[in-house]
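Now for the letters of each chain:
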Amino acid sequence: MLEVKDLKASIAGKEILRGINLSIKPGEVHAIMGPNGSGKSTLANVLSGREEYEVTAGSVSYFGDDLLEFAPEERAQKGIFLAFQYPVEIPGVSNVYFLRTALNEIRKANGEEEIDAAAFLKMIRKKMELVEMEKALLNRSVNEGFSGGEKKRNEIFQMAVLEPKLAILDETDSGLDIDALRVVADGVNTLKSKENATIVVTHYQRLLDYIIPDFVHVLYKGQIVKSGGKELAFELEEKGYDWLK
Amino acid sequence: MNLNDKNTEKYIKAFETYFNGSVSQPFHKVRQQAASNFEKLGFPTTKKEEWRFTNIASIAKADFKIAEKKNAPTVSLEDIEPFLLANWQGARIVFIDGFYSEHLSDIKNISDKITLEPLSSHFEGKAGLVNKNLSKIATFDDEAFTALNTAFTTEGCLVHIPAKVVENNGIHIIHIAASGRTLTNPRNMILCEDNSQALVIESYHTLCTDDVFVNSVTEISVGENTRLYHYKLQDESLKSNHISNVAINQKSNSNYISASFIFGGKLVRNNISTKLDGEGISSTLNGLYISREDQHIDNNTFIDHAKPHCESHELYRGILMDKSKGVFSGKILVRQDAQKTDAKQSNNCLLLYEDAQIDAKPQLEIYADDVKCTHGATVGQLDESAMFYFRARGIPKEKALSMLTYAFAEEIITGIKDDSLRDRVEYLLLDRLKSHQA
């Protein structure tokens, strides 16, 4: 579904990604690990279309299309979902309205009918249970005054509702206690299917105790320096990133 | 003779020929006084502190003719259809170029105890309601535009709510400038006697493509234990120069709740001043404006806390696009007697484009020692990270922009008491955002 070839990207003239190659098939879970500043978040943001990053070389094909041609909203409409490392607070826009608008925009773009407020509420009930999200958070402004754990749960909740084909979790484990981490991981695991794929971007191995990756890639100075199975994550945890240098 | 004198003189000359046959009316003396005050004051310049951020030289210099009833064009109900509120249950009174239009008005749907008619029906009597009150609240000693309006006050609108009358259907006063290159002087008087309640909407529109100068004055008295909802919607063309003076006098335990919604006008100045002339008064002055192209919108508020135990609330929100300019000056005066005053003022702006500009000037003058006064001002830009968050969820840029902007304005819109007006304001806001992006 996703073919990344020799991808180079920079921000404010500084090159961060220096030739990434990555191939992802439906049903797979890929973990991207690496020390701070290795380009993990940049890769997540470039794939979801953040405009501050400039792609200088390489290509990304998504179901045969040139992904880099698409605006961020078009990528989302085609099934790409970025769970933000720092979810944004949107005062004055309620969580439930935001999410229904998002779902309907995605439906519209795919030639499906829009869903009305009542049907939407019914549909999201189960998904809220999945991430153990309190009902009260639905009517609050998006992420405003949410705790760190609530924000991350909200990301996974949005993912559960929007049902992406390719989910990119950007440091979703950062700032989570064990309990929240388990809830988030359970959510991701439940949503996993043969048709969709997940990229888990993380600094630490601990999330991978809960979300078992099929492949682990180590990102270092903007390049994937090592790829392997899930055992690579344990090796990294044991030896640290210095071992790669 | 300087330029300002010459500009002023033009209108004074017109005044002398304008009122043939009305000189016997008692009110004509007030007009003459107003004309001579206007001559003395002249148009304000930016040297005056209250006009520092707003230069009205273009109005002073322009060659506007005084609107005359005989020249007012014929306007049909179809012409004004866009200005009517959908599902409106109340009464409507329409003025073209400041002159009452009977065939466009519909004043059936209110209590027959209420007076809703042109002011001029009261000019002949001596001790009448109008003669007793006109220019007592909106004074013209130091306000040139009020003086100019008063000098040319001919018809205007009178709303009189007698004591103990509660009118929930609402009254919609529509002022339309229909003749280009003219000065129109809309005048409204809203008198609410003790223990009454009413909702009054003033709306201002244009039906011509030329420049106009609309110089409106509204004076309001709110009796004891009385509640008045007062809204102003200004949606004139971008060729309109709109100066407005709203003056309110509130008596004990009254509640005045107002909001102004400014969408139109090239050069706009809104003065609103309320005197809290009793105890236990509550006063709310809210405002929302959205400006585009080279619009200049100046909101100038003055709250006079004269007696103890009163509260005032002010919330202004501005959305500025293109190279438009906004000004907010909010003065709160707490006099020595006004202990236990609770005054809150807040002014927030959203600059959607880098070329837009806002000048804000809060001004607190406090002479009492046991009071609570707060003011805050923020100027923000649309948050790029918020925008990306929307788009990353599949919501296109334009929709994200309107959702974010609407969220900014929402508090003022949801506070509107009347459903028809709320729908219209919401529609206009979203329409301006949309047409801007198109």
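Bear in mind that the values here come from a model prediction, so they are computed numbers and not experimental data. (Residues numbered from 1 in each chain as written. Chains lettered and ligands numbered in written order. Predicted model: local features only at pLDDT ≥ 70, side-chain atom pairs only at ≥ 80, totals over all residues. Heavy atoms only, no water.)

A. Here's a closer look at the pairing of strand 2 (residues 91–96) of chain B. Residues and elements named next belong to chain B. Most of strand 2 sits out of view: 6 of its 6 residues are buried. The alternating pattern of strand 2 places A91, I93 and F95 on one face and R92, V94 and I96 on the opposite face, and all of these are buried. Pairing of strand 2 with strand 6 (residues 171–177), which is carried by 6 bridges, proceeds in the parallel orientation. What sits directly across from I93, in strand 6, is I173. With 4 bridges joining them, strand 2 and strand 3 (residues 99–106) adopt antiparallel strand pairing. Bridge pairing links F95 to Y100 in strand 3. The hairpin formed by strand 2 and strand 3 contains 2 residues between the paired strands, and D97 there has a positive phi angle of roughly 55°. (Buried < 20%, exposed > 50% of the residue type's maximum accessible area, 1.4 Å probe, protein only. Helix = DSSP H or I, 4+ residues; strand = E, 2+ residues; numbered from the N terminus. Pairing = 2+ DSSP bridges.)

B. Local environment of the sheet that holds strand 5 (residues 65–66) of chain A. Residue and element names in this part refer to chain A. Pairing within the open sheet is antiparallel, and its 4 strands lie in the order 2-1-4-5. One side of each edge strand has no neighbouring strand; the edge strands of this open sheet are strand 2 (14–24) and strand 5. For strand 1 (residues 2–11) and strand 2, the ladder comprises 8 bridges, and the chain directions are antiparallel. Counted as the bridge partner of L7 is I20 from strand 2.

C. The arrangement of the confidence of the model for chain A in detail. Per-residue pLDDT for chain A averages 91, and the proportion of residues at 70 or more is 100%. Helix 2 (residues 72–77) of chain A holds the highest mean pLDDT among the elements of chain A, 97, whereas helix 7 (residues 231–239) of chain A holds the lowest, 84. (pLDDT = per-residue confidence, 0-100.)

D. Main features of the domain arrangement of chain B. All names here are of chain B. Segmentation of chain B into domains returns domain 1 (3–277) and domain 2 (383–438). Placing a centre on the C-alpha atoms of domain 1 and another on those of domain 2 gives a separation of 31 Å. Across the contact, 15 residues belong to domain 1 and 12 residues belong to domain 2. Approximately 1200 Å² of surface area, both sides summed, lies buried where domain 1 meets domain 2, with 68% of it carried by carbon and sulfur atoms. Its largest share of buried area at the contact with domain 2, domain 1 owes to Y231, F261 and F263, together 40% of the area lost on that side. Inspection of the region where domain 1 meets domain 2 yields 1 salt bridge. (Domains from an automatic or database assignment. Contact = heavy atoms within 4.5 Å. Buried area = accessible area lost by both parts, 1.4 Å probe. Salt bridge = Lys/Arg side-chain N within 4 Å of Asp/Glu carboxyl O.)

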